[in-house]
Amino acid sequence: MSDTPSSAAAAPGYYARHIFFCLNDRPNGENSCAHHGAQEAFDRCKAQVKAAGLAGPGKVRVNKAGCLDRCAAGPVAVVYPEGTWYSYVDASDVDEIVESHLKNGQIVERLLTPPELGR
Ligand code: FES
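Residues numbered from 1 in each chain as written. Predicted model: local features only at pLDDT ≥ 70, side-chain atom pairs only at ≥ 80, totals over all residues.

Caption draft 1: How the structure looks around the sheet that holds strand S4 (residues 84-87). Strands sit in the order S2-S1-S3-S4 across an open sheet of four strands; the sheet is mixed. Single-partner strands in this sheet number two, and they are strand S2 (60-65) and S4. Put simply, the sheet's adjacent strands are angled 20° from each other on average, direction ignored. (Pairing = 2+ DSSP bridges. Helix = DSSP H or I, 4+ residues; strand = E, 2+ residues; numbered from the N terminus. Axes fitted to C-alpha atoms, helices over the stretch in contact; angles between N-to-C directions.)

This is the structure we're talking about:
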């Protein structure tokens, strides 16, 4: 048995990057990401990541999420480990996040969620 304590901070992540899309759908008509193309964006991101050969352990994982509590900026997605929040509009925005951030580690400045926008 090792005397070295485990350190979560030093452990490499199972995925190099993890992107979560809010897919929350409020059926009462209140604003939510699902009303702004979130499912289509999620599907596109997943397909693009797979097509680019980026999917899998040590690479990229694309996941569904419930409300991320930043609905006023929606639709939103967040990328870890950087903790970068994006507010996207259309398919080309998703493609740019995949190509620039998920593939090359370059944040897409023009799509950053305004820091003051929460729920
Ligand atoms: S509904 Fe998407 S962040 Fe709340």
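Caption draft 2: Main features of the environment of Gln48. Considering the arrangement of structural elements, one finds Gln48 in helix H1 (residues 38-51). Residues Gln48 and Glu99, 51 residues apart in the sequence, show an inter-C-alpha distance of 8.8 Å. Excluding residues within four positions of it along the chain, Gln48 makes contact with Val94, Asp95 and Val98. (Contact = placed C-beta atoms within 7 Å.)

Caption draft 3: Main features of the confidence of the model for the chain. Averaged over all residues, the pLDDT of the chain equals 92, while 90% of them reach at least 70. A low-confidence stretch, residues 1-10 (pLDDT under 50), is modelled with zero contacts involving residues beyond four sequence positions or located in other chains. (pLDDT = per-residue confidence, 0-100.)

Caption draft 4: View of H1. With 14 residues, H1 should cover 20 Å at 1.5 Å per step; its first-to-last C-alpha distance of 20 Å lies within 8% of that length. Within the span of H1, buried status applies to Ala38, Ala41, Phe42, Arg44, Cys45, Lys46, Gln48 and Val49. Packed against the buried residues of H1 are strand S1 (17-22), S2 and helix H2 (91-104). Of the residues trailing H1, Gly53 is marked for its positive phi of about 75°. (Expected span 1.5 Å × (residues − 1). Buried ≥ 20, exposed ≤ 12 C-beta atoms within 10 Å, placed from the backbone.)

Caption draft 5: Molecular detail of the environment of Val76. One can find Val76 in strand S3 (residues 76-80). Remark: the alpha-carbon pair of Val76 and Ser87, spanning 11 residues in sequence, is separated by 4.6 Å. Residue contacts for Val76: discarding those within four places in its chain leaves Cys22, Cys33, Leu68, Arg70, Trp85, Tyr86, Ser87 and Thr113.

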